[in-house]
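Structural features, examined
What follows is each chain in one-letter form.
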Amino acid sequence: MKYYLIVGEASGDLHASHLMRSLKEHDPQAQFRFFGGDLMTAVAGTRVRHYRELAYMGFVPVLMHLPAILRNMRQCKQDISQWRPDVVILVDYPGFNLSVARYVRRHHVCPVYYYISPKLWAWKEYRIKNIKRDVDELFSILPFEVDFFQKKHHYPIHYVGNPTASEVRQWLADHGRQAPASLSDDSLQTSERPVIALLAGSRRQEIKDNLPAMLQATAHLADRYDVVVAGAPGIEPEYYARYMSDAAARLVTDQTYPLLACATAALVTSGTATLEACMFGVPQVVCYETPLPRLIGFLKRHFINVRWVSLVNLIADREVVPELVADSFSVSNIRSQLDDILAGSRRQQMLQDYQEVHRRLGDSHAPDTAARLMIRLLKSPNRA
């Protein structure tokens, strides 16, 4: 069968690449065409556009790049029509992907499957009408989404397990816990000191907003700890150098899992990385700066649908890790929370609470479960 996949960022590239491998295993004749990244390209098929040409975050960046975004969207829709896949598989990235879904549905091209559903429970819940209208099957990776979609909105979905949990478990099975010396870099001196990992996001805007405060909050620890910044895929080292030139920290690129495997603690920008830190058993402080912090803080407390921003707390449905977001985001607050973890007063409780998150996620291998289910649905005589 012919599979057309669309992702918009590095985490989507990772998850989609694993899904593609599982689809190939269960469908040896699988053909792939995609908007994606290097990891998907390494699996198979034809890349039409790299996700870096799509990944703009925030009102101003989107507005500045609107002609390119619209051009890419037109190309994607035309390419799908010309290639005539058996299914279009969307991976998160709802602003772009829901427009594609509507086009595919209106032109009766093929079924539309959504792998890693949009986070409608957090914002833009009105998009549920688009999902119901344009998406044939939705594959969820977060257990609490089942109640949101099925009970609240009467839209049946498939919970297939969590790919991040599957990926971390597999990585640990293959590599085990690595010592800090494994984080060697030809241009950097490797230290035997305990490691503090800084994961400031996968987009330039996130790095710009969060990394300077993270570096300031860890400066007083540089004589006792090895402070290591995780370089995100697709972000050149020169970009990090803008913020790290005077910092007592070093950068490692494309080594996030080895870094977390040996880290003592982490400062993490909210996103998939918070769950990765949890799966590796690394106590963490979630840090996310926002514009207009007082206003956002007020809205978060009184109007936004969810109490938490980190996946760890959302899955546990309580505060497992501290979240410093909007008006609580400050260098002094980050430093204080990190010191509490390093001193041990919160460390053991957080590690115990992580076990509840592991239990709720289950042990299903998400890409394989999703791939087998997708193929079965596509082969069904009653398929959409």
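Located above this text is the structure these notes cover.
Residues numbered from 1 in each chain as written. Predicted model: local features only at pLDDT ≥ 70, side-chain atom pairs only at ≥ 80, totals over all residues. Heavy atoms only, no water.

Moving on, we get to the overall build of the protein chain. In terms of regular secondary structure, the protein chain is built from 17 helices and 13 strands. Across the protein chain, the fraction of contacts at a sequence separation of at least 24, relative to all contacts at a separation of at least 6, is 66%. For the protein chain, the computed accessible surface area is about 17100 Å², with 51% contributed by carbon and sulfur atoms. (Helix = DSSP H or I, 4+ residues; strand = E, 2+ residues; numbered from the N terminus. Contact = heavy atoms within 4.5 Å. Areas by Shrake-Rupley, 256 points an atom, 1.4 Å probe, with all protein chains shown as cover.)

Let us now look at the sheet that holds strand β13 (residues 323–325). Read across the open sheet, the six strands follow the order β10-β9-β8-β11-β12-β13; overall the sheet is parallel. Single-partner strands in this sheet number two, and they are β10 (250–253) and β13. Put simply, the sheet's adjacent strands are angled 25 degrees from each other on average, direction ignored. In terms of strand pairing, strand β8 (residues 195–199) meets strand β11 (residues 263–268) through five bridges, oriented parallel. Residue pairing across strands places Leu 199 opposite Val 268, the latter belonging to β11. In this fold helix α10 (residues 237–244) packs onto β9 (226–231) and β10, with an angle of close to 160 degrees to the strand it touches most, β10. (Pairing = 2+ DSSP bridges. Axes fitted to C-alpha atoms, helices over the stretch in contact; angles between N-to-C directions.)

Moving on, we get to the sheet that holds strand β1 (residues 2–6). Read across the open sheet, the seven strands follow the order β3-β2-β1-β4-β5-β6-β7; overall the sheet is parallel. The open sheet has two edge strands, β3 (46–50) and β7 (158–159), and neither has a second partner. Alignment of strand β6 (residues 137–140) against β7, held across two bridges, turns out to be parallel. Across the sheet, residue Ser 140 finds its bridge partner in β7, namely Tyr 159.

On to the packing of helix α1 (residues 10–26) against helix α8 (residues 163–175), then. Contact geometry for α1 and α8: axes closest at 11 Å, N-to-C directions at 75 degrees. One way to sum up the angle between α1 and α8 is to call them roughly perpendicular. Contacts between α1 and α8 involve Leu 14, His 15 and His 18 from the first element and Pro 163, Thr 164 and Glu 167 from the second. Residues that form the contact of α1 with α8 fall into these classes: two nonpolar, three polar and one charged. (Parallel < 35°, antiparallel > 145°, perpendicular 65-115°, else oblique. Nonpolar A, V, L, I, M, F, W, Y, C, P; charged D, E, K, R; others polar.)

Within β11, five of the six residues are buried, which leaves the element mostly enclosed by the surrounding structure. Of the pairings in the sheet, the one linking β11 to strand β12 (residues 284–288) comprises three bridges and is parallel in character. By the bridge assignment for β12, Val 268 is matched with Val 286. As a crossover connection, the stretch from β11 through helix α12 (residues 272–279) into β12 is right-handed. (Buried < 20%, exposed > 50% of the residue type's maximum accessible area, 1.4 Å probe, protein only. Right-handed = clockwise from strand over helix to strand, strands pointing away.)

With respect to the helices and strands, Asp 246 occurs in the loop between α10 and β10. Taking the C-alpha atoms as reference points, Asp 246 and Leu 215, 31 residues apart in sequence, are found 9.7 Å from one another.

α10 packs onto helix α9 (residues 204–218) with a crossing angle of 35 degrees between their chain directions and a minimal axis gap of 9 Å. The way α9 lies across α10 gives a crossing that is right-handed. In this structure, α9 contributes Arg 204, Gln 205, Ile 207, Lys 208, Leu 211, Pro 212 and Leu 215 to the contact, and α10 contributes Tyr 239, Tyr 240, Tyr 243 and Met 244. (Left-handed = near helix turned anticlockwise from the far one by under 90°.)

Here the focus is the nonpolar core. With 128 residues, the main nonpolar core has Tyr 3, Leu 5, Ile 6, Ile 89 and Tyr 115 as its most contacted residues. Sort the elements by how many residues they give to this core and helix α17 (residues 366–379) lands first, with seven residues. For Ile 89, the residues in contact, after removing those within four places along its chain, are Tyr 3, Tyr 4, Leu 5, Ile 6, Leu 19, Leu 23, Tyr 113, Tyr 115 and Met 374. (Core = buried A, V, L, I, M, F, W, Y, C linked by side-chain atoms within 4.5 Å.)

Okay, α9 next. Compared with an ideal rise of 1.5 Å per residue, which puts 15 residues at 21 Å, α9 spans 21 Å between its outermost C-alpha atoms and is within 8% of the ideal. Of the surrounding elements, those touching the buried residues of α9 are β8, β9, α10, β11, β12 and α15 (331–343). (Expected span 1.5 Å × (residues − 1).)

Further remarks concern the pattern of salt bridges. Summed over the entire model, instances satisfying the criterion amount to 17 salt bridges. The closest approach of N and O atoms between Arg 224 and Asp 223, which form a salt bridge, is 3.7 Å. Under the relative-accessibility criterion, Asp 223 is labelled exposed at 60%. For Glu 319, the salt bridge goes to Arg 346, with nearest N and O atoms at 3.9 Å. Of the two residues, Glu 319 is situated in the loop between α14 (311–316) and β13 and Arg 346 in the loop between α15 and α16 (347–361); the sequence distance between them amounts to 27 residues. Glu 319 sits in the partly exposed class, given a relative accessible area of 43%. The exposure class of Arg 346 is partly exposed, given its relative accessible area of 23%. Each of Glu 9, Arg 203 and Glu 206 takes part in one network of salt bridges that share partners. (Salt bridge = Lys/Arg side-chain N within 4 Å of Asp/Glu carboxyl O.)

Looking now at unusual backbone geometry. A positive phi angle, near 55 degrees, is found at Arg 84, a position not held by glycine. Structurally, Arg 84 is set in the loop between α4 (66–83) and β4 (87–91). We note that Lys 124 has phi near 55 degrees; this positive angle belongs to a residue other than glycine.

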